[in-house]
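Spelled out from the first residue to the last, the chains are:
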Amino acid sequence: MAAHTTRDGLGGGTHTLGLLYPPAGRRGDYTTMQLAFVGGVAEAAAAHGYDLLLAPAGRHEDPSFLRMVDDRRVDGVIVMEIRREDDRVEHLAEAGFPFVAIGRNHRAEVAGWVDLDFAGLAGGCVQHLADLGHRRIAFVNRSEQLFDSGYGFARLGDEGYTETMKKLLLTPHAYLCGDDLASGEDVVERILAEDPATTSLVTMNEAALEGVYRGLTRHGRSVPRDFSVVGVAASPWAEQVNPPLTAAEIPAKEMTRVAVDLMIRRLRSPGSPPRHVLLKPLITLRGSTGRCRSVPGSEPESELPDFPDIDLDF
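Residues numbered from 1 in each chain as written. Predicted model: local features only at pLDDT ≥ 70, side-chain atom pairs only at ≥ 80, totals over all residues. Heavy atoms only, no water.

### Notes on helix α7 (residues 181–194)
Along its 14 residues, α7 runs 21 Å from first to last C-alpha, staying within 8% of the 20 Å computed at 1.5 Å per residue. Among all positions in α7, only Ser183, Gly184, Glu185, Val187, Val188, Ile191 and Leu192 are buried. On its buried side, α7 packs onto β6 (137–140), β7 (173–175), β8 (200–203) and α8 (209–218). For α7, the side-chain oxygen to backbone nitrogen distance between the N-cap and Ala182 is 3.2 Å, and the N-cap itself is Asp180. (Helix = DSSP H or I, 4+ residues; strand = E, 2+ residues; numbered from the N terminus. Expected span 1.5 Å × (residues − 1). Buried < 20%, exposed > 50% of the residue type's maximum accessible area, 1.4 Å probe, protein only. Contact = heavy atoms within 4.5 Å. Polar contact = N/O pair within 3.5 Å; in protein donor to acceptor, adjacent residues only side chain to side chain.)

Right, here's the structure in full:
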């Protein structure tokens, strides 16, 4: 397929941008976070006078991908939910079709992308808890399905958590968790069954967050008095739990605006080198983290007997 140009370049074009965004919900639907990204892309595209065509394609052979790209229904494509090995990116790169990505893998270097530093954010969350004295820190990731399929943010988050734990000479305990309330309760059950002395966790699974809180309450763990929770989450989700979640922001609006800007730049200047934007938001302190307090019964018993206090009068 030959590369084509648009109204912003030399040709006519459709004045429509494509968004390749497979749903990540448990039932094959779009999550609330995903819908925020769809809305952000649509709003940013409209600001440039472009319409948006959404396709749920997760593979290049999906009919919606073929209709969008091979039939040239759009001038350029924004690709989301990037996997480590992503045949959509491979196909677009080989075809010379204009695209940018929200997310990245090794092939995304051939095009522009914007992404969060998920490894750095997960590591920063661990460091925040360690600075508060926590040593038993669990990690709640996304679902087994997403992780096994190679989704970049799930893999990068796991790497950042594990590497930071090892640097701090701490033992990593990572858990995969479905994107729903019941899975959040279940993962707390698994964490505390494996290590009842766990005093904190890092999460990248905001959809399971309320379930995590419920599971901790059921086990008599009060947040943040005797259990701290920190994560990577958009502020609406971080602020709707009680206590509000200390978290690094997922700036959906900013990421989508940058992605569309990169796409428009690519269409207007096809020969310009691709730009890469890596965001690392600061952790916003809210109410879910505090100084570490040891779990009753988790500390080793003293080898010395306790003696009563005796007043000696010499």
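Picking up where we left off.
### Topic: the packing of helix α1 (residues 32–47) against helix α10 (residues 252–268)
Two elements in contact, α1 and α10, have axes separated by 8 Å at closest approach and are oriented at 45°. Put simply, α1 runs oblique to α10. Seen from above, α1 lies across α10 with right-handed handedness. On α10, the residues touching Met33, Ala36, Phe37, Gly40, Val41, Glu43, Ala44 and Ala45 of α1 are Ala252, Lys253, Met255, Thr256, Arg257 and Val260. Residue composition of the contact of α1 with α10, by class: nine nonpolar, two polar and three charged. (Axes fitted to C-alpha atoms, helices over the stretch in contact; angles between N-to-C directions. Parallel < 35°, antiparallel > 145°, perpendicular 65-115°, else oblique. Left-handed = near helix turned anticlockwise from the far one by under 90°. Nonpolar A, V, L, I, M, F, W, Y, C, P; charged D, E, K, R; others polar.)

### Points about the sheet that holds strand β9 (residues 228–232)
Read from one edge to the other, the open sheet built from six strands follows the order β7-β6-β8-β9-β10-β12, with strand pairing classed as mixed. Each having just a single partner strand, β7 and β12 (283–284) make up the two edges of the open sheet. Pairing of strand β10 (residues 246–248) with β12, which is carried by two bridges, proceeds in the antiparallel orientation. The partner of Ala247 across the bridge, within β12, is Thr284. On the sheet, helix α6 (residues 152–167) packs against β6 and β7 and is oriented at approximately 170° with respect to β6. (Pairing = 2+ DSSP bridges.)

### Quick look at α10
Helical geometry: 3.6 residues make up each α-helical turn, so side chains three or four residues apart lie on a common side. The end-to-end C-alpha distance of α10 is 24 Å, a good match for the 24 Å that 17 residues give at a rise of 1.5 Å each. Regarding α10, the residues found buried are Ala252, Met255, Thr256, Val258, Ala259, Val260, Leu262, Met263, Ile264 and Leu267. Structurally, α10 contributes buried residues whose contacts are with β1 (16–20), α1, β3 (76–79), β4 (99–102), β5 (112–116) and β11 (276–279).

### A word on the nonpolar core
Grouped burial of nonpolar side chains is what soluble globular proteins tend to show. In this structure, Phe37, Ile78, Ile102, Ile137, Val202 and Val232 are the most contacted members of the largest nonpolar core, which totals 53 residues. Here this core takes nine residues from α10, the largest share from any one element. Setting aside anything within four residues of it in sequence, one finds Phe37 in contact with Tyr21, Met80, Ile102, Ile250, Ala252, Met255 and Thr256. Judged by nonpolar contacts, the second largest core, of 22 residues, contains Val187, Leu192, Val223 and Leu245. (Core = buried A, V, L, I, M, F, W, Y, C linked by side-chain atoms within 4.5 Å.)

### A short note on the environment of Leu209
With respect to the helices and strands, Leu209 occurs in helix α8. Note on Leu209: relative accessible area 1%, which makes it buried. With 27 residues separating them in the primary sequence, Leu209 and Ala182 have C-alpha atoms 10.0 Å apart. Among all residues touching Leu209, those that are not within four sequence positions of it are Thr203, Val229, Trp237, Val241 and Leu245.

### Details of the pairing of β5
Consecutive residues of a regular strand have side chains that alternate between opposite faces of the sheet. Within β5, five of the five residues are buried, which leaves it mostly tucked inside the rest of the structure. Here β5 shows a buried face lined by Gly112, Val114 and Leu116 and a second buried face lined by Trp113 and Asp115. With three bridges joining them, β4 and β5 adopt parallel strand pairing. Within the sheet, the bridge partner assigned to Val100 lies in β5 and is Gly112. Across four bridges, the pairing between β5 and β11 is parallel. Across the sheet, Trp113 pairs through a bridge with His276, a residue of β11.

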